[in-house]
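This is what each chain is made of:
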Amino acid sequence: MSRTVQSTTIQSQESGPARAVTRTRTVDIVIPVHNEQDDLERSVRRLDDFLHGEQFPWGFRITIADNASHDDTWAIAQQLATRTPHIHAVHLPEKGRGRALKTVWLASDADVLAYMDVDLSTDLKALIPLVAPLISGHSDISIGSRLSHSSHVDRGPKRELISRTYNLILRTTLAASFSDAQCGFKAIRHDVARTLLPLVEDDNWFFDTELLVLAERCGLRIHEVPVDWVDDPGTTVDILATATEDLRGIWRLSRGLARRRIPIERLATELVQRDAPPATPDLPRGLTGQLLRFGLVGVASTLAYFAIYLGLRPALDAQTSNLVALLTTAIANTATNRIVTFNVHGTRRLVRDHLGGLAAFGVGLLLTSGSLWLLHLGHQPSSRAVEVLVLIIANGLATLFRFIALRQMMHHRGRH
């Protein structure tokens, strides 16, 4: 993969003339930004100083990808690009982190394409270990992981719970084996990006997950780097909106894979598929296997349910929070169990299956709402811990009913 690389210009977007880079093995480090006028210059200067001070062993450029900022972010990015030859700036008129990364990566001709969040929450000492496996040809994609045993992470319990719940959902619904989909610290080989990026539909936060799932289904090697991470307390990310968007992305991607709308076989052939471990554990068949798979999906659904419930509870009453959380996870649970537990694919009887799942949802809602009603029947208010305990028992009964109902509808179709 040794080739001479020159920087490219995105017409009417990149500031300054194109600058020639004559080194081989180049790395394009992209920083996607939206309204980051307070942190942009400080972070870019810090990254630039690090790359020079650590004697980064490969040619590099830093690309600031401004996606539809309406403050002084773009003006600052242009100033940085004008003053420093290896800093480039690209402006996109539409918002979206995934859109910014896809645009810049597809226009880049560097050997390795990387990105990091502008707050530089990840310790930069992990950058060389992130890039090295791609340069050597050992791996195809490299990701920072905050969930590795060797990582040191400083962030609140709420974000920790949400992150672990999300990655557990990915493991059970999409059979993902990577540990941290959303860490803002990743790199990909140029040739792999050229093949996969046109198939990635999401333009925002689900972009990372979709790219990694496609890569894993194609048998590509994903290298994980333990990172030291300090959470940015000033982040403006809307956790609830992001979680909702991610759940929609999981549903869309699951359907695309189940219906074979995504050409995994062709992609794998183009990328010279290597021997890879099976994507799912070899669980027993029959009733025992179904119970195990249903249990794994149930654990993920329950964790997602409580994450949504507790996230909504400060703003909504217990009954409304329970309704939204239960309905959201019920739809995702039925879709996942069709594929993972009962091996049912395609759209045949899809509506009937979901209607049956919603009927089971109705029983679950009756059990959980009735339990909350009985709990709050007295005049003394109950603690949040007691609410959660009562809901755990009610959800356990609802889960048993759901398994029996879904198995009656889907078992024979999946077997044949």
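In this report, the structure presented in the accompanying data block is examined.

Another aspect to go through is the pairing of strand E5 (residues 141–145). Taken across its five residues, E5 has five buried, putting it largely inside the fold. Here E5 shows a buried face lined by Ile141, Ile143 and Ser145 and a second buried face lined by Ser142 and Gly144. Here E5 runs beside strand E7 (residues 185–189); their pairing, made up of three bridges, is antiparallel. Residue pairing in the sheet places Ser142 in a bridge with Ala187 of E7. Where E5 and strand E8 (residues 222–226) come together, five bridges link them in parallel fashion. Bridged to Ile141 within E8 is Ile222.

Here we take up the environment of Val213. Positionally, Val213 belongs in helix H7 (residues 207–217). In this structure, the C-alpha to C-alpha distance between Val213 and Ala175, residues 38 residues apart in sequence, is 8.7 Å. Excluding residues within four positions of it along the chain, Val213 makes contact with Leu174, Phe178, Leu253 and Leu257.

Let us look at the side chain of Thr329. Relative to the elements of secondary structure, Thr329 occurs in helix H11 (residues 318–340). Here the side chain of Thr329 touches Ala325 through a polar contact of 2.8 Å, landing on its backbone oxygen. Not counting residues up to four positions away in its chain, the partners in contact with Thr329 are Ser301, Ala304, Tyr305 and Ile308.

Once that is clear, we can look at the packing of helix H3 (residues 97–107) against H7. Two elements in contact, H3 and H7, have axes whose closest approach is 9 Å; the angle formed by their N-to-C orientations is 55°. One way to sum up the angle between H3 and H7 is to call them oblique. Judged by residue contacts, Arg97, Gly98, Leu101, Lys102 and Trp105 of H3 engage Phe207, Asp208 and Leu211 from H7. Taken together, the residues of the contact of H3 with H7 break down into four nonpolar, one polar and three charged.

The biggest cluster of nonpolar side chains holds 45 residues, and the ones touching the most others in it are Trp105 and Leu196. Here this core gets six residues from one element, more than from any other, and that element is H7. Leu47, Ile76, Val118 and Val227 belong to the second largest nonpolar core, which has 39 residues in total.

Reading the values: rules and limits
Residue indices begin from 1 for each chain and proceed along its sequence in written order. Owing to the predicted nature of the model, reporting of local features is limited to residues with pLDDT of at least 70; listing and counting of side-chain atom pairs is limited to 80 or more, with chain, interface and lining totals taken over all residues. Think of the side-chain values as coming from all heavy atoms in the structure, minus any hydrogens and water. Between buried and exposed lies partly exposed: a residue is buried under 20% and exposed over 50% of the maximum accessible area for its type, with that area taken using a 1.4 Å probe on protein chains only. Elements are defined by DSSP. Helices are runs of H or I of four residues or more, strands are runs of E of two residues or more, and each kind is numbered from the N terminus. Between any two strands, at least two bridges found by DSSP are needed for them to pair. Any two residues having at least one pair of non-hydrogen atoms within 4.5 Å are treated as being in contact. The term polar contact refers here to a pair of N or O atoms within 3.5 Å; inside protein, the definition further demands a hydrogen-donor-capable atom paired with an acceptor-capable atom, and it admits residues adjacent in sequence only when both atoms are side-chain atoms. Only C-alpha atoms enter the line fits that serve as axes; for helices the fit covers just the stretch in contact. Angles between N-to-C directions range over 0 to 180 degrees. Any angle from 65 to 115 degrees is called roughly perpendicular, while one under 35 is roughly parallel, one over 145 is roughly antiparallel, and all others are oblique. Three classes are used, and their members are as follows: Ala, Val, Leu, Ile, Met, Phe, Trp, Tyr, Cys and Pro are nonpolar, Asp, Glu, Lys and Arg are charged, and the others, Gly among them, are polar. The nonpolar core is taken to be a set of buried Ala, Val, Leu, Ile, Met, Phe, Trp, Tyr and Cys residues, with the residues joined through side-chain atoms within 4.5 Å.

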